[in-house]
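Here's the letter readout for the chains.
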2 protein chains.
Amino acid sequence: MSKSQNIYDNQTFFEGYKKLRGNPYSANNVEEKPALFSLSPELAGKSVLDLGCGYGENCAEFKALGASVVVGVDISEKMLAVAMEEHPDIKFIRADMSNLSFIKDNYDVVFSSLALHYMEDFDAFIKSVYEVLTPGGYFIFSQEHPLTTAPIAGASWAKDENGNVLHYKLTDYSRCGKRSTTWIVDGVEKYHRTFSKIINALCSAGFTIETMLEPTPTQEIIELDKSWEKDFHKPNFLLMKVRK
Amino acid sequence: MSKSQNIYDNQTFFEGYKKLRGNPYSANNVEEKPALFSLSPELAGKSVLDLGCGYGENCAEFKALGASVVVGVDISEKMLAVAMEEHPDIKFIRADMSNLSFIKDNYDVVFSSLALHYMEDFDAFIKSVYEVLTPGGYFIFSQEHPLTTAPIAGASWAKDENGNVLHYKLTDYSRCGKRSTTWIVDGVEKYHRTFSKIINALCSAGFTIETMLEPTPTQEIIELDKSWEKDFHKPNFLLMKVRK
């Protein structure tokens, strides 16, 4: 199986990312996180695996929501060092999540927040998530929206002379594959997949699709900053809840 | 339930549409139709309902594929007059498919080709399709791609001075609702829905999602006419196969 890029251990990326996540008005905090938690089943007494756990903030919330076991997996040593320091009661494993063969137990719920767009072999990954779930278990994930990952030249907007957004420049939606983009640093490798590619991989692996979300900003947040309105042209995130 | 617009009985639209469908290199014939039939289960001995059957060409093919009963439904008198003349062995019903209460039998397979984007109340429609299906029955549909229906100002492309396509001008993807577009004639009413709106309506109605397709042109057709390449930036159609 392919090895994933470990961009989070790049020092410049790590520092930039740390700053971004700390911002309460980041798209993560405003759009992605509330949507992810809205999809969560009752966690009391459940075992939870978090793939691409980063700093472990979500792991801590799963625990606070009553999960009996929470295990976080991430490829980045720097991210896990922070996670372990901040959440000493949670088990973290440093590993490449594109190969889950190191996971010997089964879990009731598998979460993955904003990590799937780094996976090269999506079909194999989805199959392996299915394997680690208990029967009836849930897989809940978020990823960059396929309209964000589509353009080979990178996501961009057309604006008028006053800087007002006119439209999103959509290209290459039907061309699945690697995208090299600049996000904090150059050369971040991501993988673009169409909706049909994602849906068919989940169905083929045996999952039953339950819910899809493409969150939009609330009226409250738009009133604070009108620039959020452009997310109604092109959402930032795709989330799915599927069941084994 | 809302009444659907009957644009196909507009004489100008009808004539224009007739010409378009006759073209072997229309997007319908090159992309949509092969994809729709690729999703069909074995039809021998099955009962088939075709919602928005138009001229009844698909009905005739379902019959040729062995279906024991084929019933076509369409709102347009002009379309059905052609259908009845060309396919006297098939039963056609003139009705607004947004309300299926007139259907008293159950069907093994329900098809709907390029009609769903005319439906205002998608959730109610999907529920009523579920009702007319036999247990284990399939609903297979195609519709305009959500990226096509998204822009409130209508689908359009940015081109350079030589007429080469640069990108698709995406706007309003997250704003579900009515779209008034010009297609053959002015004022054709369609409804835009996001992927999540479509998926969640199907799941809520009780359907199991099996396959999604967003067809792209073949290499063969691109060699005939390079302008097909732009469909890799933004597909024309969305197709789904779901099961009761």
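The paragraphs below set out a description of the structure included in this document. All values reported here derive from a predicted model rather than from experimental measurement. (Residues numbered from 1 in each chain as written. Chains lettered and ligands numbered in written order. Predicted model: local features only at pLDDT ≥ 70, side-chain atom pairs only at ≥ 80, totals over all residues.)

Focus on the relation of the copies chain B and chain A
To keep things clear, this is the line we draw: For the least-squares superposition of copies, only C-alpha atoms count, and only for residues with pLDDT at least 70 in both. By the convention adopted here, residues are in contact when the distance between their C-beta atoms, placed from the backbone, does not exceed 7 Å.
By a simple turn and slide, chain B fits onto chain A: the slide is 0.0 Å along the axis, the RMSD is 0.0 Å, and the turn is 180°. The operation mapping one copy onto its partner corresponds to a two-fold rotation axis. Here 100% of the contact residues of chain B are again contact residues in chain A; the copies associate through an equivalent surface.

Re the environment of D50 of chain A
All names here are of chain A. So the rule is basically this: Elements are defined by DSSP. Helices are runs of H or I of four residues or more, strands are runs of E of two residues or more, and each kind is numbered from the N terminus. With C-beta atoms placed from the backbone, the exposure class of a residue follows from how many other C-beta atoms lie within 10 Å of its own: 20 or more, buried; 12 or fewer, exposed; in between, partly exposed.
Inspection of the secondary structure assignment puts D50 in strand β1 (residues 47–51). For D50, a count of 29 C-beta atoms within 10 Å translates into the label buried. For the pair D50 and E214, spaced 164 residues apart in sequence, the C-alpha to C-alpha distance is 21 Å. Excluding residues that lie within four positions of it along the chain, D50 makes contacts with N58, C59, F62, V70, G72, V73 and F111.

Regarding the nonpolar core
Worth spelling out the cut-off: To count as a nonpolar core, a set of buried Ala, Val, Leu, Ile, Met, Phe, Trp, Tyr and Cys residues must be joined through C-beta atoms within 7 Å.
In this structure, V48, V110 and F139 of chain A together with V48, V110 and F139 of chain B are the most contacted members of the largest nonpolar core, which totals 106 residues. Apart from residues no more than four positions distant in its own chain, F139 of chain A is found in contact with V110, V129, L133, F207 and V242 of chain A. Ranked by size, the runner-up nonpolar core spans 10 residues in total, among them L170 of chain A together with L147, A150 and L170 of chain B.

Examining the interface of chain B and chain A
A common way to report how large an interface is uses the accessible area buried once the components associate. What counts here: Residues are sorted three ways: Asp, Glu, Lys and Arg are charged, Ala, Val, Leu, Ile, Met, Phe, Trp, Tyr, Cys and Pro are nonpolar, and all the rest, Gly among them, are polar. A pair of strands counts as paired when DSSP detects no fewer than two bridges linking them.
Facing the 29 residues of chain B at the interface are 29 residues of chain A. Of all elements in the fold, only β7 (165–170), α7 (195–205) and β10 (208–213) of chain B reach the threshold of two or more residues within the side of chain B that touches chain A. Among the elements that make up the side of chain B that touches chain A, the one with the highest residue count is β10 of chain B (6 residues). Its residues assigned to classes, the side of chain B that touches chain A comprises 12 nonpolar, 10 polar and 7 charged. Where strand β7 (residues 165–170) of chain A lies against β7 of chain B, 3 bridges are found, and the strand directions are antiparallel. Paired with Y168 of chain A across the two strands is L170 of chain B, which belongs to β7 of chain B.

Here we look at the pairing of strand β5 (residues 133–144) of chain A
All names here are of chain A. Heads up, the rule is: Here is how to tell: hold the view so the strands point away, follow the path from the first strand over the helix to the second, and if it runs clockwise the crossover is right-handed.
Within β5, 9 of the 12 residues are buried, leaving the element largely enclosed by the surrounding structure. Here strand β4 (residues 107–113) pairs with β5 via 6 bridges, running parallel. Across the sheet, the residue bridging to Y107 is L133, located in β5. For the crossover from β4 across helix α5 (residues 122–132) to β5, the handedness is right-handed. Relative to strand β11 (residues 237–243), β5 runs antiparallel, the two being bridged by 7 bridges. Its bridge partner lying in β11, Y138 is registered against R243.

Thoughts on the packing of helix α5 (residues 122–132) of chain B against α7 of chain B
Residues and elements named next belong to chain B. Stated precisely, the cut-off is as follows: For helices, the fitted axis covers only the stretch in contact; all axes are lines through C-alpha atoms, and the angles between them, taken along N-to-C directions, range from 0 to 180 degrees. Angle categories are assigned with fixed cut-offs, so that under 35 degrees is roughly parallel, over 145 is roughly antiparallel, 65 to 115 is roughly perpendicular, and the rest are oblique. Left-handed describes a crossing whose near helix is turned anticlockwise from the far helix by less than a right angle; the clockwise case is right-handed.
Interhelical geometry of α5 versus α7 gives an angle of 40° and a closest axis separation of 9 Å. Considering their axes alone, α5 and α7 lie oblique with respect to each other. As for the relative orientation of α5 and α7, their crossing is right-handed in sense. When α5 is examined against α7, the residues F122, D123, I126, K127 and Y130 are found in contact with a partner set consisting of A201, L202 and A205. Class assignment for the residues of the contact of α5 with α7 results in 6 nonpolar, no polar and 2 charged.

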